[in-house]
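# Notes for the structure review
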Amino acid sequence: MIFGFIFLGLIGISLIGLAMHLSRRPIRCCDDALHERLTSTGMSRMFILTTLMLLGLYLLIKVWSIRILPLCMRLYFTYALTDASLGLTRFLMYRNLSIDMELQPLFKVRRLLTVYKADFIGILIAIPIDLCYWSTDNWLISNILAAVVALHLMLYIRFTSLGYSSILLMAFFVYDVFFVFYTPVMTTVATSINIPIKLVWPRSLTNFTLLGSAQEKDRYSFLGLGDIVIPGLYLTLLVRMEETLKIAPESLSRPFCVARRGLFAYGLALVTTVSSLLFMKVAQPALLYIVPAILSTVYGSIWIKHTTADRKAIFKYDEDRLSIRPFRQGTSSGSDSAPNRPAESHQE
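These figures come from a predicted structure and were not determined experimentally.

Looking only at helices and strands, one finds twelve helices and eight strands in the chain. In the chain, buried positions account for 51% of the 348 residues. Put simply, of all contacts in the chain between residues at least 6 apart along the chain, 79% involve residues at least 24 apart. Only carbon and sulfur atoms are counted for the fraction: they give 64% of the accessible area of the chain, which is about 17900 Å².

A few words now on empty space enclosed by the protein. All told, the structure shown has two cavities of 30 Å³ or more when counted by the stated rule. The volume enclosed by the largest cavity comes to roughly 80 Å³. If you trace the largest cavity, you find twelve residues lining it, with Y133, T136, D137, S142 and P196 closest to the centre. For the lining of the largest cavity, the element with the highest residue contribution is helix 6 (residues 139-156), accounting for three residues. Split by residue class, the lining of the largest cavity holds six nonpolar, four polar and two charged. Of the pockets and cavities examined, the second largest cavity occupies roughly 30 Å³. L34, H35, G87, L88, F91, H152, L155 and Y156 together form the lining of the second largest cavity. Elements with a contribution of two residues or more to the lining of the second largest cavity: helix 4 (68-94) and helix 6. In terms of residue class, the lining of the second largest cavity is made up of five nonpolar, three polar and no charged.

Bringing the packing of helix 11 (residues 287-305) against helix 12 (residues 308-316) into the picture now. Direction vectors running N to C along helix 11 and helix 12 enclose 145°, while the axes themselves pass 8 Å from each other. Between helix 11 and helix 12, the contacting residues are Y299, I302 and W303 on the first element and R311, I314 and F315 on the second. Per-class residue counts for the contact of helix 11 with helix 12 are five nonpolar, no polar and one charged.

The positions that UniProt labels "transmembrane region" (unreviewed entry) are, in the present scheme, residues 6-22, 43-61, 114-134, 140-157, 164-182, 220-241, 262-280 and 286-304. From the first C-alpha to the last, residues 6-22 spans 24 Å; its make-up is 100% helix and 0% strand. In this annotation, residues 164-182 is assigned 100% helix and 0% strand; the end-to-end C-alpha distance for the span is 26 Å.

Overall, the coordinates contain twelve aromatic pairs when judged by the stated rule. A centroid spacing of 5.2 Å and a plane angle of 75° characterise the contact between F47 and F172, whose relative ring orientation is edge-to-face. Taken as a pair, F47 in helix 3 (residues 40-63) and F172 in helix 7 (residues 162-182) lie far apart in primary sequence, 125 residues in all. Through pairs of rings, three or more aromatic residues link up here, namely F47, F172, Y175, F178, F179 and Y182. One cation-aromatic arrangement involves R74 over Y133; the distance from NZ or CZ to the ring centre is 4.8 Å. Between R74 and the ring centre of W134, over which it is positioned, the NZ or CZ distance is 5.7 Å.

Of all residues in the chain, 81% attain a pLDDT of 70 or more, and the chain-wide mean is 81. Here strand 8 (residues 343-345) stands out as the element of the chain with the lowest mean pLDDT, 40, in contrast to helix 11, whose mean of 94 is the highest. Across residues 323-348, where pLDDT falls below 50, the model places 49 contacts with residues more than four positions away in sequence or in other chains.

What follows covers the pattern of salt bridges. Across all of its chains, the model carries four salt bridges by this definition. Note that R24 and E243 form a salt bridge whose closest N and O atoms lie 3.2 Å from each other. Placement of R24 in the loop between helix 1 (2-22) and helix 2 (31-34) and of E243 in helix 9 (residues 226-246) is noted, with a sequence separation of 219 residues between them. According to the relative accessible area criterion, R24 is partly exposed, its value standing at 29%. The buried category is assigned to E243, whose relative accessible area is 14%. Residue R90 is joined to D119 by a salt bridge in which the shortest nitrogen-to-oxygen separation is 2.7 Å. One end of the pair, R90, is in helix 4; the other, D119, is in helix 5 (residues 118-135), and 29 residues separate them in sequence. With respect to burial, R90 and D119 carry one shared label: buried. The network of salt bridges with shared partners includes R24, E242 and E243.

With that settled, consider the nonpolar core. Membership of the largest hydrophobic core comes to 89 residues, with the highest contact counts inside it found for F159, L238, M241 and F256. In terms of residues, this core owes the most to one element, helix 9, which gives eleven residues. When residues no more than four places from it in sequence are discounted, the contact partners of F159 are L38, M43, M46, S165, L168, L169, I230, L233, Y234, L237, R240 and E319. Among the nonpolar cores identified, the runner-up in size contains five residues, and Y94, L103, Y116 and A118 belong to it.

Parameters and conventions
Residues numbered from 1 in each chain as written. Predicted model: local features only at pLDDT ≥ 70, side-chain atom pairs only at ≥ 80, totals over all residues. Heavy atoms only, no water. Helix = DSSP H or I, 4+ residues; strand = E, 2+ residues; numbered from the N terminus. Buried < 20%, exposed > 50% of the residue type's maximum accessible area, 1.4 Å probe, protein only. Contact = heavy atoms within 4.5 Å. Areas by Shrake-Rupley, 256 points an atom, 1.4 Å probe, with all protein chains shown as cover. 1 Å grid on protein atoms, 1.4 Å probe; cavity = no way out; pocket = protein on both sides within 12 Å on 5 of 7 lines; lining within 4 Å. Points joined across faces, edges and corners; volume = space filled by probe spheres on them. Nonpolar A, V, L, I, M, F, W, Y, C, P; charged D, E, K, R; others polar. Axes fitted to C-alpha atoms, helices over the stretch in contact; angles between N-to-C directions. UniProt positions renumbered as here; feature names shortened; annotations may be inferred. Phe/Tyr/Trp six-rings, centres within 6.5 Å; stacked < 30°, edge-to-face > 60°. Lys NZ or Arg CZ within 6 Å of the ring centre and 35° of its normal. pLDDT = per-residue confidence, 0-100. Salt bridge = Lys/Arg side-chain N within 4 Å of Asp/Glu carboxyl O. Core = buried A, V, L, I, M, F, W, Y, C linked by side-chain atoms within 4.5 Å.

Structure (structure tokens):
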């Protein structure tokens, strides 16, 4: 069992670390086309929809035909994989655009459909991914597909402020504890539906095989994508804060550097989760350990290393209030040779 959780933890840390690396850049004009910003209202909706989806899946498992549900979930996840392929392709192709260049779509049908040049490459990538999903239930392929979805979510969705995102983490802390310890909902959904919403790994070296099926749930340890994506969204926000506050008009007295400490705390929390699982012999909600570890590390670092004025500037950070200064008059908009201008905060 330890063998499986070691590799699951390493995969989770690697995915979050990769998302943090790719997110390490200031806010840009084209970000609105590549990302979905979640304000306090959006975060509330995210929490409510996640809860309703979990309860809905549990009820469907209990009352609906087991033959119909997997087909419906496969169709939905095919859409999710296609969307993830398109989103990652857009992000990787357009991530080096200059800070004030706006991204122009090829065509747009109101709010229903927006097509960019990168989408043609994204479709070519999505087709073999979807074919792999439908043609095999191999656990390794399932992990790759789950990793694609997790990375896409961490890069596409953006928390906008430290305070509200911390509250959302605490809400998911309660959510995870309640549904794992006090109801059978979480474990039932995680073990009954064979779609890439979790990472799996063989529990021991004795039954390790690359050809095994992900449906053989008794052979695998698993880590839910929520235990990766939710902390990952928070840590990628910290990375963007670090980059943006470096060039903010109101610079801090010392650099804001907490994202790596948060990732280290995440790793320690996973170790604690596995230790608790081995000791208690019952399923453990990973966010029970992850959320306190990350929040205590982040807020402890802010409190110890920064002055009162710095802390006010950090807690006032809100990506919805950031705008991009234009280039100097006389330089061509979007020119890669033009110097980047810092983000500034609107005066209210």
